[in-house]
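The residues making up each chain are set out below.
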Number of protein chains: 2
Amino acid sequence: MDVQLTLHKMVERAEKLFPKKQIISRTASGIFRYGYREMGERTRRLSSALEKIGVQRGDKVGTLAWNDHRHLEAYFGIPGMGAVLHTINIRLSPQHIAYIINHAEDKVLLIDQDFIPLIETIKDELKTVQAYVVLADNSELKDSKLNPLYSYEDLLAKADPQYQFPDDLNENDPAGMCYTSATTGSPKGVIYSHRGITLHSMALGLADTAAISESDVCMPVVPMFHANAWGMPFAATWFGSSQVLPGPWFTPELLAKLIHTERVTITAGVPTIWLGLLKELENSGEVYDMSSLRAVLCGGSAAPLGMIRTFETKYNIPFIHAYGMTETTPLVTLSRLKSYQTDLSDEEKLVIRAKQGYVVPGLEIKVINDNGETAWNGEEMGELLVRGPWIANAYYNDERSKDAFKDGWLYTGDIVTIDEEGVIRIADRTKDLVKSGGEWISTIDLENALMGHDGVFEAAVVGVPHPKWQERPVACIVLKPNASVTKEELLDFLKPQFPKWWLPDDIVFMDEIPKTSVGKFLKATLREQLKEHLTV
Amino acid sequence: MDVQLTLHKMVERAEKLFPKKQIISRTASGIFRYGYREMGERTRRLSSALEKIGVQRGDKVGTLAWNDHRHLEAYFGIPGMGAVLHTINIRLSPQHIAYIINHAEDKVLLIDQDFIPLIETIKDELKTVQAYVVLADNSELKDSKLNPLYSYEDLLAKADPQYQFPDDLNENDPAGMCYTSATTGSPKGVIYSHRGITLHSMALGLADTAAISESDVCMPVVPMFHANAWGMPFAATWFGSSQVLPGPWFTPELLAKLIHTERVTITAGVPTIWLGLLKELENSGEVYDMSSLRAVLCGGSAAPLGMIRTFETKYNIPFIHAYGMTETTPLVTLSRLKSYQTDLSDEEKLVIRAKQGYVVPGLEIKVINDNGETAWNGEEMGELLVRGPWIANAYYNDERSKDAFKDGWLYTGDIVTIDEEGVIRIADRTKDLVKSGGEWISTIDLENALMGHDGVFEAAVVGVPHPKWQERPVACIVLKPNASVTKEELLDFLKPQFPKWWLPDDIVFMDEIPKTSVGKFLKATLREQLKEHLTV
């Protein structure tokens, strides 16, 4: 049958099969709970309300919102009526936010009340927005310079609770979009199709990936404005899982409490979040019961092996390391032991699981070296290429597409090794890799080693032009408060861990490493600062 | 990305990620073992060999084969080069087999040596077959009337081990086909697309369905000529599971031994198989270790509640009841408890799990009564309708399509109830249902009750024309050897279990109930025999 893979089918299934299963949403005024029957009805109302205020198929509707039930309704209500859910990263600079709203041509913005002041500061720059909708617990609008301004709750109250999602959407129609936070230049947009998100959701339910199930209580800590919160809200709704949405300005303490009280079984977020949670667990004694957790899904950047070990051995919380990016919806690889690896020692298993894992069913990967040859021996570094039905095929209206999308593959810009088990390990970003005398040096490996030193707070390694070797590594170090460590001590510390030619040519101590608005090292800035460091 | 969901990607993934995982295949000469690397290479050789003997894209290639490694290679090698895998039910009558080979226009037949004599008897009727290939352990051909006749092993030996599967297949291209065993008229053919099988395989890997995983050892007992062995060989290969293929003429003893020695974790088959296995377990004392089994998947017809209870309570083997048909690839519903049902009593849980379960992600179902209205209250019977990307959209070149495929739905011909949890229970086949005075009576419910009587060996209930009530039920009974039971005793036995108007108007004792070649009751024949039973 020619039946299209469209998102509204997920919410229709949840309404029919799991009307009683709960969504637990933390908002500005506390915890709000409802079941999928009501969630479905409000989602239908939202679709209907959007039509009433003039949204048409293919229009972009932006969201500036926390992880809460209204954002979840937007996840289905916007694509459900044929429009495009454009989740906007609230941590970007106001200029970047204005850029992406204009670039996406958002027609309507759904805005959490916390971000109204932010949008007010850029409202005169917004060229396509025809209406603003405030996401708030009460329907009374505060004074605002935004116009026209609607109350979300008010719109829903007047809308059709029995709205029928159109059955003639094509699965290749755009359903969502998200912009990456670029380290240089403007953010780049990615479109997600109904088909891509549906297949990605199915992949998340596989026993060998995240195994999201009706019996789960899923808590996406990763923001819903980051690559669909890794697809968890879609999969959880489709499969009828309970969902816990942690809302605005959460703390590690709050997350620990939610896991404890709501009996969360699976949660997802970046390493920083889990470091914070670990600290909270360590400081709080045995206040929290974490025994409900069957998996902590971690991605966004590499999780330190020590952190994985602490989660598993000290707290008995299974940890799943994954890899993906905005362009890939995002799941690409996921670290699970194969059945014949269960006899390895705990430490051997940990080393495997600290890598990024092997490719999930539905995608293909390939690693190519500088000469375009396939590297697949566990040693040779190469760029990771990805292909599959939930991988973007371009940046949205962006000339930079041609650099990343070539011959039917996404060039991820990530430098990895891949071993005989198909397991990848991220070694660097293409543009950060140090190319010394024709050989590659991983800055991430050096940074991880340096951060393993007691006195080091942050370490960023960059390639600096060198008269003989083209480039050589230089390490930029921020010491911990009151730590006193010399360059020689750090080099001695590195020596046993690396070949001699990997060791940095210099170590530069700094007060601070420059970062993007989302906290990534601005290595381009460091390279600019240091460009004559080894030649003058 | 416009990446097509095609079957060869499954075997490519298995070759790369799971080269060492084993396929254990029982053939005429014993147990044969190999890994996915070799399986992949032989599959490539098969694709190459088929091209060499003139098979082109879209051509049908028939298989008459057991569940073994060559049949598995055919599962991927035939669609891998763009042809169509037509699995032929070896249990059909020779006339029906000739009919479907001609109707499908099979160009080549792959034939297990056991079925060469069968094909020889019908060879003069076959209009489209241009070559025969013998599936046998040694490559020497016996004398045969089939011409041209090739040895499979010989063809593979001469073929290209590095054959590249074409990358330009469309996911909507036909990949497989299968004919249903009709109770009246000629068999009806169904086409499976690459897309349909891929999505169905993904559904089989979901945590909430069969959860097929790399860590599984999968044994499809259901024949590979029945609806793709329920898709298990595809899913198991894609996900890198070990596979145990039980081969020709297996017995319950052999199945028990394979489970024991190969540590099978999941197996699939019809209730008759599991009744046989239970008997073997009961007769053999504690010879077999069944502790590796995490699931017995059962479908094809309804599993008796008592059998499920015995598996679970006596042998601690989890039992999963499922529903599907040839037209649905086949998985439609699957019986799993919801998370909030875990507190029910064991008996309450068993009653839920003996039903056919709720619809898997990706499909939609609907139940309509005689007036075309939706029935969804757990009581009212209606016909089950199914829609989704792995549901056939027609019978292959068959005018009967218009009766079953209407308004975008497959009319299954199964009469079910569906309760508020979305759980269906099969009550009857549309054409077997008794319509008495405008009310429906389930013949299956009456038969199950009658078979619960100690003296009854088989029971078939049919609707017989009646002057006042249009139709009334009549039960046809085969007693167990030496049993002596009267009509009155049986009616008294039924009375407490049913409303009075459900009780059969008569009970007819027979020596044998007429059956199709695959063992289904020929109720049409019974109705013809009894058509004047209540009027004369």
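Provided above is the structure to which this section pertains.
Residues numbered from 1 in each chain as written. Chains lettered and ligands numbered in written order. Predicted model: local features only at pLDDT ≥ 70, side-chain atom pairs only at ≥ 80, totals over all residues. Heavy atoms only, no water.

Student: I would appreciate a short explanation of the pattern of salt bridges in the present structure.
Tutor: If the charged atoms of two oppositely charged side chains come close together, the side chains can form a pair. The final tally for this structure, using the stated rule, is 68 salt bridges over all chains. Of the charged contacts in the structure, one is a salt bridge between E458(A) and K515(A), with a shortest N-O distance of 3.2 Å. Of this pair, E458(A) sits in strand β24 (residues 456-466) while K515(A) sits in the loop between β26 (506-509) and α16 (523-529), and the two are 57 residues apart along the sequence. For E73(B), the salt bridge identified is with R42(B), shortest N-O distance 2.8 Å. Taken together, the positions of E73(B) in helix α3 (residues 69-80) and R42(B) in helix α2 (residues 36-52) put the pair 31 residues apart, joining distant regions of the chain. (Salt bridge = Lys/Arg side-chain N within 4 Å of Asp/Glu carboxyl O. Helix = DSSP H or I, 4+ residues; strand = E, 2+ residues; numbered from the N terminus.)

Student: Got a minute to help me understand the packing of helix α11 (residues 305-314) of chain A against helix α12 (residues 346-353) of chain A in this structure?
Tutor: Any two packed helices are characterised by how steeply their axes cross, that is the angle between the axes, and by the distance between the axes. Residues and elements named next belong to chain A. Look at α11 against α12: their axes get within 10 Å of each other, and the N-to-C directions meet at 125 degrees. Between α11 and α12, the angle falls in the class oblique. For the pair α11 and α12, the sense of crossing is right-handed. Touching L305, I308, R309 and E312 of α11 are E347, L350, V351 and R353, all from α12. For the contact of α11 with α12, the class distribution of residues is 4 nonpolar, no polar and 4 charged. (Axes fitted to C-alpha atoms, helices over the stretch in contact; angles between N-to-C directions. Parallel < 35°, antiparallel > 145°, perpendicular 65-115°, else oblique. Left-handed = near helix turned anticlockwise from the far one by under 90°. Contact = heavy atoms within 4.5 Å. Nonpolar A, V, L, I, M, F, W, Y, C, P; charged D, E, K, R; others polar.)

Student: I'm lost on the interface of chain B and chain A in this one. Help?
Tutor: It is common to give the size of an interface as the accessible area lost on bringing the parts into contact. The partner chain A presents 54 residues to the 54 residues of chain B that form the contact. For the chain B and chain A pair, buried surface summed over both sides reaches about 4,100 Å², with 59% attributable to carbon and sulfur atoms. Our count for the contact surface shared by chain B and chain A stands at 6 salt bridges. For the interface between chain B and chain A, the tally reads 20 residue pairs in polar contact (both at pLDDT 80 or more). For the side of chain B that touches chain A, a count of residues per class yields 28 nonpolar, 10 polar and 16 charged. (Buried area = accessible area lost by both parts, 1.4 Å probe. Polar contact = N/O pair within 3.5 Å; in protein donor to acceptor, adjacent residues only side chain to side chain.)

Student: Got a minute to help me understand the sheet that holds β24(A) in this structure?
Tutor: Backbone-to-backbone hydrogen bonds pair the strands of a sheet. The strands run either parallel or antiparallel. Residues and elements named next belong to chain A. Reading across from one edge, β24-β25-β26 is the order of the 3 strands in this open sheet, with mixed pairing throughout. Unpaired on one side and paired on the other, β24 and β26 mark the two borders of the sheet. Across the sheet, the mean angle separating the axes of adjacent strands is 25 degrees when strand polarity is ignored. In this structure, β24 lies alongside strand β25 (residues 470-479), joined through 10 bridges in antiparallel fashion. Each bridged residue has a counterpart across the sheet, and for G463 the counterpart in β25 is P473. Against the sheet, helix α14 (residues 443-451) touches β24 and β25, its axis set at about 145 degrees to β24. Against the sheet, helix α15 (residues 487-494) touches β24, β25 and β26, its axis set at about 130 degrees to β26. (Pairing = 2+ DSSP bridges.)

Student: Explain the pairing of strand β13 (residues 295-298) of chain A here, please?
Tutor: Looking down a regular strand, the side chains alternate between one sheet face and the other. Residues and elements named next belong to chain A. A two-sided burial pattern is seen for β13, the buried positions comprising A295 and L297 on one face and V296 and C298 on the other. Bridge count between strand β12 (residues 266-269) and β13: 4 bridges; the pairing is parallel. Its bridge partner being in β13, A268 is matched across the sheet by L297. At this point the chain moves from β12, through helix α10 (residues 271-283), to the parallel β13, and the crossover so formed is right-handed. Sheet topology places β13 next to strand β14 (residues 319-324); 3 bridges connect them, and they run parallel. Bridging from a neighbouring strand, V296 pairs with F319 of β14. (Buried < 20%, exposed > 50% of the residue type's maximum accessible area, 1.4 Å probe, protein only. Right-handed = clockwise from strand over helix to strand, strands pointing away.)

Student: What am I meant to see in the relation of the copies chain B and chain A here?
Tutor: Between the two copies of the chain lies a rotation about an axis combined with a shift along it. Overlaying chain B on chain A yields an RMSD of 0.1 Å, the required transformation being a rotation through 180 degrees with an accompanying axial translation of 0.0 Å. In the structure described here, the two chain copies are related by an operation that fits a two-fold rotation axis. A symmetric contact is evident, with 100% of the interface residues of chain B recurring at the interface of chain A. (Least-squares fit on C-alpha atoms with pLDDT ≥ 70 in both.)

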